[in-house]
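Observations on the model geometry
Residues per chain, in single letters:
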Amino acid sequence: MLTQGQLSAFKAELLKNKQDLESHLDGNDHFDLRSGHAHESTGELSSYDNHPGDEGTELYEREKDIALNDHVEYQIQSIDKAIQAIEKGTYGKCEACGREIPYERLQAVPETTFCIEHTPDRTVSHNRPIEEGVLMPPFGKFNLDNKDENVAFDAEDSWQEVSSWGTSETPSDFMTPQDHYNDTYIASEENVGYVEDFENFIGNDITGKEITVYPNKQHEKYENELDEEGIMTSFGDLPAYEHDPYVDHDK
């Protein structure tokens, strides 16, 4: 059992700790969380001229401030609870099991109302952000590229679509520098709406016949590349009996 002198000493310490914490929160304006927007704590007017990496840093700092603020407010709540327990005459006894809390533990953590075996502060949450279930590399269960004959719009396609509007990448981040900043994202060279290059300038009727070539810049580029390599298709020559005369210059 705690003596009256010990209870008075603990109460005085708790009140002092509470005053210090409240003074700390008032001094930093609750870690600047009372600002209407994160920009107000940094002096920025908007995000328009900021690099995405800078925005990510500010977001991290904001999240850290929220965690620190929650921790301090939790300490104040615990102190108020301990002071109420002193006034009720229950201070020093575990809320869960009713046993005496060791004096040494109260000296170390005067705001506690639990013994070490039942303290909720020992509980480690195993709940993980929902985003981790989606963004598992490479895009987890939403990556359909490895499934046979699958052309569905999956998570990787979603990322490519979003990244095409801008990322923190620069031409120097690629092994082969991009010609334009609009192409500074992964797989920017992939075709959109079709797979092979020739699908952009060749069509046929509903029965698969009447194959027609529609000349365009990509068709011209494709033909020039084939001529330079001396082949008929991007995947090599066709069987001999299908060769066109134009590739048989040596003969």
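Small disclaimer: the values here were computed from a predicted structure and weren't measured.

**Some remarks on the overall build of the protein chain**
Scanning the protein chain from N- to C-terminus turns up seven helices and two strands. The order of α-helices and β-strands along the protein chain, N terminus first, is α-α-α-α-α-α-β-β-α. Going through the 251 residues of the protein chain one by one, you find that 22% of them count as buried. Look at the contacts in the protein chain between residues 6 or more apart in sequence, and 38% of them connect residues 24 or more apart.

**Some points on the packing of aromatic side chains**
Scanning all chains against the criterion turns up three aromatic pairs. When the centroid spacing of 5.5 Å and the interplanar angle of 55° are considered together, the rings of Phe201 and Tyr222 count as tilted. Of this pair, Phe201 sits in the loop between α6 (155-163) and β1 (202-203) while Tyr222 sits in helix α7 (residues 217-229); the two residues are 21 residues apart in sequence, bridging distant segments of the chain. Tyr222 shares its class with Phe201; the two are buried. Members of the aromatic cluster, joined through ring pairs, are Phe10, Tyr91 and Tyr103.

**Let's talk about the nonpolar core**
Among soluble globular proteins, nonpolar side chains are generally buried collectively. Core analysis: the biggest nonpolar cluster contains 20 residues, and Leu2, Leu14, Val72, Tyr91 and Leu106 have the highest contact counts within it. Every element with two or more residues in this core is listed here: α1 (4-27) and α4 (52-88). Top contributing element to this core by residue count: α4, with seven residues. The contact partners of Leu14, leaving out residues within four places of it in the chain, are Ile79, Ala82, Ile83, Ile86, Pro110 and Glu111.

**A closer look at a negative patch on the surface**
Together, Glu223, Glu225, Asp227, Glu228 and Glu229 line one region of the surface with negative charge. Mapped onto the elements of the fold, Glu229 is located in helix α7. In this structure Glu229 comes out as exposed when scored by relative accessible area, which is 59%.

**Here's the deal with the pattern of salt bridges**
If you walk through the whole model with that rule in mind, you get five salt bridges. When the shortest N-O distance is used, the salt bridge between Glu87 and Lys11 registers 3.8 Å. Linking Glu87 in helix α4 with Lys11 in helix α1, this pair joins segments that are 76 residues apart in sequence. Looking at Glu87, the relative accessible area reads 58%, which means it is exposed.

**Regarding the UniProt feature "zinc finger region: dksA C4-type" (unreviewed entry) in the protein chain**
The sites that carry the UniProt feature "zinc finger region: dksA C4-type" (unreviewed entry) are, in the present numbering, residues 94-118. Counting secondary structure, residues 94-118 comes out at 24% helix and 0% strand; the distance between its end C-alpha atoms is 8 Å.

**As for the side chain of Thr112**
Counting through the fold element by element, Thr112 comes out in the loop between α5 (103-108) and α6. Here Thr112 falls in the buried class, since its relative accessible area comes to 8%. Engagement of the side chain of Thr112 in a polar contact is seen with the backbone oxygen of Phe114, the distance being 3.1 Å. Ignoring sequence-local partners within four residues, the contact set of Thr112 consists of Tyr91, Ile101, Arg105 and Leu106.

**Here's the deal with the packing of α1 against α4**
Following both chains from N to C, one finds α1 and α4 inclined at 155°, their axes separated by 10 Å at the closest point. Taken together, the axes of α1 and α4 are roughly antiparallel relative to one another. As for how α1 packs across α4, the hand of that crossing is left-handed. Residue-level contacts link Leu7, Phe10, Lys11, Leu14, Leu15, Asn17, Lys18, Leu21, Glu22 and Leu25 of α1 to Asn69, Val72, Glu73, Gln75, Ile76, Ile79, Asp80, Ala82, Ile83, Ile86 and Glu87 of α4. For the contact of α1 with α4, the residue count by class is twelve nonpolar, three polar and six charged.

**A word on the UniProt feature "domain: Zinc finger DksA/TraR C4-type" (unreviewed entry) in the protein chain**
When the UniProt feature table is mapped to this numbering, "domain: Zinc finger DksA/TraR C4-type" (unreviewed entry) covers residues 89-117. Between the C-alpha atoms that bound residues 89-117 there is a distance of 22 Å. The span itself is 21% helix and 0% strand.

**Observations regarding a nonpolar patch on the surface**
A contiguous nonpolar patch, built from Trp159, Val162 and Ile186 and spanning about 320 Å² of accessible area, is present on the exposed surface. Along the chain, the position of Ile186 falls in the loop between α6 and β1. On the accessibility criterion, Ile186 (55% relative accessible area) is exposed.

**Some remarks on α1**
For α1, with 24 residues, the first-to-last C-alpha span of 34 Å sits near the 34 Å given by 1.5 Å per residue. Listed in full, the buried residues belonging to α1 are Leu7, Phe10, Leu14, Leu21 and Leu25. Buried residues in α1 make contact with α2 (29-32), α4 and α5. A positive backbone phi angle near 55° is found at Asp29, which sits one or two residues after α1.

Definitions and limits used
Residues numbered from 1 in each chain as written. Predicted model: local features only at pLDDT ≥ 70, side-chain atom pairs only at ≥ 80, totals over all residues. Heavy atoms only, no water. Helix = DSSP H or I, 4+ residues; strand = E, 2+ residues; numbered from the N terminus. Buried < 20%, exposed > 50% of the residue type's maximum accessible area, 1.4 Å probe, protein only. Contact = heavy atoms within 4.5 Å. Phe/Tyr/Trp six-rings, centres within 6.5 Å; stacked < 30°, edge-to-face > 60°. Core = buried A, V, L, I, M, F, W, Y, C linked by side-chain atoms within 4.5 Å. Patch = residues over 30% accessible without salt bridge, like charges linked within 9 Å, V, L, I, M, F, W, Y side chains within 5 Å. Areas by Shrake-Rupley, 256 points an atom, 1.4 Å probe, with all protein chains shown as cover. Salt bridge = Lys/Arg side-chain N within 4 Å of Asp/Glu carboxyl O. Lys, Arg positive; Asp, Glu negative; His and termini not counted. Charge placed at Lys NZ, Arg CZ, Asp CG, Glu CD. UniProt positions renumbered as here; feature names shortened; annotations may be inferred. Polar contact = N/O pair within 3.5 Å; in protein donor to acceptor, adjacent residues only side chain to side chain. Axes fitted to C-alpha atoms, helices over the stretch in contact; angles between N-to-C directions. Parallel < 35°, antiparallel > 145°, perpendicular 65-115°, else oblique. Left-handed = near helix turned anticlockwise from the far one by under 90°. Nonpolar A, V, L, I, M, F, W, Y, C, P; charged D, E, K, R; others polar. Expected span 1.5 Å × (residues − 1).

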